[in-house]
Amino acid sequence: MAAAVVAAAAGLDRSLAEEMGVKDVRLTWKTDRRRALPLIVLLCLSLASVLFVPSIARAETKVLLWERLDVDITVREDGTFLVQEAHLIDFLIGSFTYGYRSIPMDRLTRITDVQVWEDGVPCEVETWKEGDEFQIKWYMPGPREGSQHTYVVQYVVHGGLRYYSGGDQLWWKAVFPNRSFPVMASRVTVHLPDGAVAEKAAAYFTEATISGMGTDTVVFEATDTIDPGEEFEVRVQFPHGVVAGGPSLWQIREDYRPAINLAVGLASVLILVGGPLLVLLLWFLRGRDPRVSLPADYLTEPPSDTPPGVVGTLVDERADLRDILATLIDLARRGYVQIQETEGDFVFRRTEKSADDLVPFEKEVLARIVGKKGTERSLSRLRNRFYKYIPKIEGKLYDEVVRRGFFRTRPDRVRSRYETAGVVALVASVVVGCVLVRLLAYYTDAFFCPSVGLVGTALTLLLAGRYMPVKTRKGTEEAARWRAFKRYLEEIERYTDLKEAADRFDDYLPYAVAFGVDRSWMRKFQRLKDVPAPTLVPWYVPHGGWGAGVTEGGEGRPPGKASPAQAPSLDRLSQGLGAGLDRMAKGLGSMLDTAATIFTSRPAPAPSSSGSSWSSGGSSWSSSSWSSSSWSSGGWSGGGFGGGGGGGGGGGGFG
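Residues numbered from 1 in each chain as written. Predicted model: local features only at pLDDT ≥ 70, side-chain atom pairs only at ≥ 80, totals over all residues. Heavy atoms only, no water.

A few points about the overall build of the chain
Secondary structure summary: the chain contains 17 helices and 20 strands in total. Expressed as a percentage of its 655 residues, the buried residues of the chain come to 47%. For the chain, restricting intrachain contacts to residue pairs at least 6 apart in sequence, the fraction spanning at least 24 positions comes to 76%. Of the roughly 31800 Å² of accessible surface on the chain, a fraction of 54% belongs to carbon and sulfur atoms. (Helix = DSSP H or I, 4+ residues; strand = E, 2+ residues; numbered from the N terminus. Buried < 20%, exposed > 50% of the residue type's maximum accessible area, 1.4 Å probe, protein only. Contact = heavy atoms within 4.5 Å. Areas by Shrake-Rupley, 256 points an atom, 1.4 Å probe, with all protein chains shown as cover.)

Some words on helix α8 (residues 360–370)
Summarising burial for α8: nine of the 11 residues are buried, a large majority. Restricting attention to buried positions, one finds in α8 the residues Phe361, Glu362, Glu364, Val365, Leu366, Ala367, Arg368, Ile369 and Val370. One or two positions beyond α8, positive phi appears at Gly371, with a value near 90°.

Quick word on the confidence of the model for the chain
Per-residue confidence for the chain gives a mean pLDDT of 80, with 79% of residues at or over 70. Mean pLDDT across the secondary structure elements of the chain bottoms out at helix α2 (residues 14–19), with 37, and peaks at strand β10 (residues 187–191), with 97. (pLDDT = per-residue confidence, 0-100.)

Brief notes about the environment of Val279
Counting through the fold element by element, Val279 comes out in helix α5 (residues 249–286). Here the alpha-carbon distance between Val279 and Ala458, two residues 179 residues apart in the chain, equals 9.6 Å. Non-local contacts of Val279, meaning those with residues more than four positions away in its chain, are made with Thr460, Leu461 and Ala464.

Describing the side chain of Gln135
Looking at the secondary structure, you find Gln135 in strand β7 (residues 133–144). Only 3.4 Å separates the side chain of Gln135 from the side chain of Glu133, close enough to count as a polar contact. (Polar contact = N/O pair within 3.5 Å; in protein donor to acceptor, adjacent residues only side chain to side chain.)

Section: helix α9 (residues 390–403)
The first and last C-alpha atoms of α9 sit 20 Å apart over 14 residues, in line with the 20 Å expected at 1.5 Å per residue. Immediately beyond the C-terminal end of α9, within one or two residues, lies Gly405, with a positive phi of roughly 80°. (Expected span 1.5 Å × (residues − 1).)

Focus on the pattern of salt bridges
In the structure shown here, the tally under the stated rule is 31 salt bridges. As a salt-bridge pair, Asp70 and Arg68 come within 2.9 Å of each other at their nearest N and O atoms. With a shortest N-O distance of 2.7 Å, Glu317 and Lys471 are connected by a salt bridge. Of this pair, Glu317 sits in the loop between α6 (308–316) and α7 (321–333) while Lys471 sits in the loop between α11 (449–464) and α12 (473–490), and the two are 154 residues apart along the sequence. Judged by relative accessible area, which is 11%, Glu317 ranks as buried. We classify Lys471 as buried; its relative accessible area is 3%. When salt bridges that share partners are traced, they join Glu301, Asp330, Arg333, Arg334, Glu362, Arg504 and Asp507 into one network. (Salt bridge = Lys/Arg side-chain N within 4 Å of Asp/Glu carboxyl O.)

Details of the sheet that holds strand β6 (residues 124–130)
Ordered by their spatial adjacency, four strands build an open sheet running β6-β7-β3-β20, and the pairing between neighbours is antiparallel. The sheet is open, and its two borders are formed by β6 and β20 (651–654), each paired with just one other strand. Averaged over all adjacent pairs, the angle separating strand axes in this sheet is 15°, with direction ignored. Bridge analysis of strand β3 (residues 96–104) against β7 gives eight bridges, and the strand direction is antiparallel. The residue bridging Arg101 from the neighbouring strand is Ile136, located in β7. (Pairing = 2+ DSSP bridges. Axes fitted to C-alpha atoms, helices over the stretch in contact; angles between N-to-C directions.)

What to know about the nonpolar core
Membership of the largest hydrophobic core comes to 69 residues, with the highest contact counts inside it found for Phe348, Trp521, Met591 and Phe599. Excluding residues within four positions of it along the chain, Phe599 makes contact with Leu321, Leu325, Leu328, Ile369, Leu379, Leu382, Phe386, Tyr387 and Ile390. Membership of the second largest hydrophobic core comes to 54 residues, among which are Val63, Val75, Val188 and Ala196. (Core = buried A, V, L, I, M, F, W, Y, C linked by side-chain atoms within 4.5 Å.)

Pasting the structure below:
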């Protein structure tokens, strides 16, 4: 067998092959180097597989030589055309029992009258449609190995012609690309019906000579080997009206596809650009606060008695953890709760002051911190528990800003409406995309573009929802004043002497927390030295107490007793204790950091008794591009100006 391969690859004549002990080696093709080179490489690879592959794999190795593939096409007056494919095959290695052919149905309506002959003897044939391809399979009278045979595959194509007023066209991929072996030579002959002559002709993807222009028979002769993956496509135009029939649906689709692509593309751009612009217009008309002038660049005093939690919700239009922490500090400052730092923890003690004058969200915070009937609770006990109360507290904060006339509608509900609309639009874009795939994929390559435009609009809605809550004029004016006070806190050293502002430290701290500037604001006071500073604040006791200067009612005060009469106020604190202010700032900063972590902590999810991990597989998209060649003569009546527009093609082979 190895000698047979070498003899065939080298192009040796029959006598030399016989001298080498090789039987039935047919070398009917021309042995010039250009044609022999592909076969030499192919057979050498086959030889390697025979020598080095195990016996089981060796038995499956099959090699053949496609000496010729000639196609004869006869156009009939009824608009159909008869195709005869003549395959001259040398079976070199392996045993072959059948042949097959698959023809795409995207540029024809149906195929009938299928017949196959082997050396003039009819073969048993099976046909069926699989997906978008018409399948032909024929069986040989017996196994074929080391022999040469000619197979003629004949079938009639319906709806495969193109019809134009300037001339009808036969456009066919005569040599199909999906092959495992090269075709050494090929000739395509097109016969036109009586009264028709070839006005134009062209070949694509394979260099070929063309003869018979101006007659009823056009011959295309390939000038080179046609490698696997390459195709031989021919095109002939003849006068309109000679054959019966009209444009099929696939032709209408092909001819109008560029216009449909343009229309769908423009509509998609309009949706992609127009949708977000409409959302922007909606924000301009309904999402902007009333315009008010700032009362001043900054305010050195809180502009009203609005609680810090409400102020934070008003300014950024969101109730969040920062507003809850600001409320906790404010409740302590106002004498409802005392905060004591212990070894690695903090304790919240309820005082005797009545909570009847608190608004609903303040009562909720107080109840969740110390318990509705409790007197004290450590911060650590709130771990994995407090997070359940946050939504309810935030809801009451939103209710409070509406009750005070700062908003007509709760900001969270406004955002929720637009976010819901955005999600609905996003889902709709997916649904529309699926519908368009079914409706437009056959007619346009841009079927997915409108869905992309809807996705852009949906994302714009989701983004715009954050900015759609609208304040009333009262709320806008109040927010402007509080922003001026925030600016003062942010740059307090610019507007006032820090030493003079130290006595308002605890008054302003809750607002600094609500504005989110507490860290930088406290650091400025920590740098002060030798200034009047608190050695004791009734609502906060550091770890180990205040030390020297602690009066009765300090660290030793019974739980629930935070009487101002037993602790000096800030304006009566002793001199030279800047370290006390630093100590307080550090302790409160630590408490705020710890509380932020604990308040949002959640229990760890229970381990699953049985788990499985999903691996996601990616799919790679392959794209094919049409090659184009120059026309052999003039322009065409329609159907484009490059190759790839013909029917036929597909694949075929032997097994």
